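As a plain string of letters, each chain reads:
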Amino acid sequence: MAAASPSSDMFDAIVMAEERFHGEGYQEGYAEGSHVGVVEGRRYGSLHGAKMGSEIGCYLGFALTWQCLLQKCTDEKNSKKRRALDSLIGMIQKFPYEDPTYDKLQEDLEKIRGKFRQECV
């Protein structure tokens, strides 16, 4: 078998350089995109988590305030309102704040919103 000529090796290196640069560029782009995606996802999650926490905190503050105001009232109408407030407070306390992977997160939040709207009527 004859050895490859030096000029043929040079042309192979040129042809293979395109494939090599393409592969290296892909790997660098993938790594950079992954990093940027994680940063953007963290920022998005923090923003929306804070909004959700603020909303639920507002509902809890509302419920606790009204619970204190209705504490001294003993008539049946106010008793029904207190039970509804207790239910809202219980739902808020059971809400899984620290588990973003909870399957029914949005569903439970909608239930809390509905209960809050019910209280406002």
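Residues numbered from 1 in each chain as written. Predicted model: local features only at pLDDT ≥ 70, side-chain atom pairs only at ≥ 80, totals over all residues. Heavy atoms only, no water.

## Topic: helix α2 (residues 76-94)
What counts here: Only runs of H or I of at least four residues qualify as helices and only runs of E of at least two qualify as strands under DSSP, and these elements are numbered from the N terminus. An expected span of 1.5 Å times one less than the residue number is assigned to each helix. Buried, partly exposed and exposed residues are distinguished by accessible area as a fraction of the type maximum, computed with a 1.4 Å probe on protein chains only: under 20%, between the cut-offs, and over 50%, respectively.
With 19 residues, α2 should cover 27 Å at 1.5 Å per step; its first-to-last C-alpha distance of 27 Å lies within 8% of that length. What α2 keeps buried is the set Asn78, Ser79, Ala84, Leu85, Leu88, Ile89 and Ile92.

## Describing helix α3 (residues 105-120)
Working note: α-helix, 3.6 residues per turn, so residues spaced by three or four point in the same direction. Here is the rule: The directions from the helix axis to the C-beta atoms form the arc being described.
An ideal rise of 1.5 Å per residue puts 22 Å on 16 residues; α3 measures up with 23 Å between its terminal C-alpha atoms. Three or more residues of α3 are buried, namely Leu105, Asp108, Leu109, Ile112, Arg113, Lys115, Phe116 and Glu119. Looking down the long axis of α3, one finds its buried residues gathered within 165° of arc, a one-sided arrangement.

## Things to note about the nonpolar core
Stated formally: Definition of nonpolar core: a set of buried residues of the types Ala, Val, Leu, Ile, Met, Phe, Trp, Tyr and Cys, connected through side-chain atoms within 4.5 Å. Contacts are assigned to residue pairs with any non-hydrogen atoms lying within 4.5 Å of each other.
Formed by 14 residues in total, the largest nonpolar core has its most connected members in Met52, Ile56, Ile92, Phe95 and Ile112. Among residues more than four places away in sequence, those in contact with phenylalanine 95 are Met52, Ile56, Leu105, Asp108, Leu109 and Ile112.

## Some points on the environment of proline 100
Inspection of the secondary structure assignment puts proline 100 in the loop between α2 and α3. With 55 residues separating them in the primary sequence, proline 100 and glycine 45 have C-alpha atoms 9.2 Å apart.

## Description of the packing of aromatic side chains
Spelled out, the test is: Here a pair means two rings of Phe, Tyr or Trp (six-membered ring of Trp) with centres within 6.5 Å. Their orientation is stacked below 30 degrees between planes, edge-to-face above 60, and tilted elsewhere. Counted as over-ring charges are cases with an Arg CZ or a Lys NZ within 6 Å of the ring centre that also lie within 35 degrees of the ring normal.
Applying the stated criterion to the full structure yields four aromatic pairs. Pairing phenylalanine 62 with phenylalanine 116 gives two aromatic rings, centres 4.9 Å apart and planes at 75°, and the pair type is edge-to-face. With a gap of 54 residues between them, phenylalanine 62 in helix α1 (residues 6-69) and phenylalanine 116 in helix α3 connect regions that are remote in the sequence. For phenylalanine 62, a relative accessible area of 23% gives the class partly exposed. Where phenylalanine 95 meets tyrosine 97, the ring centres are 5.5 Å apart and the plane angle is 70°; that geometry is what we call edge-to-face. According to the relative accessible area criterion, tyrosine 97 is partly exposed, its value standing at 45%. In this structure an aromatic cluster arises from ring pairing among Tyr59, Phe62 and Phe116. Directly above the ring of phenylalanine 21 sits arginine 20, whose terminal nitrogen or CZ lies 4.6 Å from the centroid.

## Considerations on a nonpolar patch on the surface
So the rule is basically this: Here the term patch refers to residues with relative accessible area over 30% and no salt bridge, with like charges joined within 9 Å and nonpolar side chains (Val, Leu, Ile, Met, Phe, Trp, Tyr) within 5 Å. Per-residue and other accessible areas follow the Shrake-Rupley method at a 1.4 Å probe size, with only the shown protein chains counted as cover for residues. The working definition used for a salt bridge is a side-chain nitrogen of Lys or Arg within 4 Å of a carboxyl oxygen of Asp or Glu.
Taken together, the side chains of Met10, Phe11 and Ile14 make up a nonpolar region of the molecular surface, amounting to roughly 340 Å² of accessible area. Within the secondary structure layout, methionine 10 lies in helix α1. According to the relative accessible area criterion, methionine 10 is partly exposed, its value standing at 49%.

## Quick notes on the pattern of salt bridges
All told, the structure shown has five salt bridges when counted by the stated rule. Where lysine 111 meets glutamate 107, a salt bridge forms, and the shortest distance between an N and an O atom there is 3.8 Å. Here the residue lysine 111 and the residue glutamate 107 both occupy positions in helix α3, the gap between them amounting to four residues, near one helical turn. For glutamate 107, a relative accessible area of 41% gives the class partly exposed. Three or more residues joined by partner-sharing salt bridges are found here, namely Glu55, Glu110 and Arg113.

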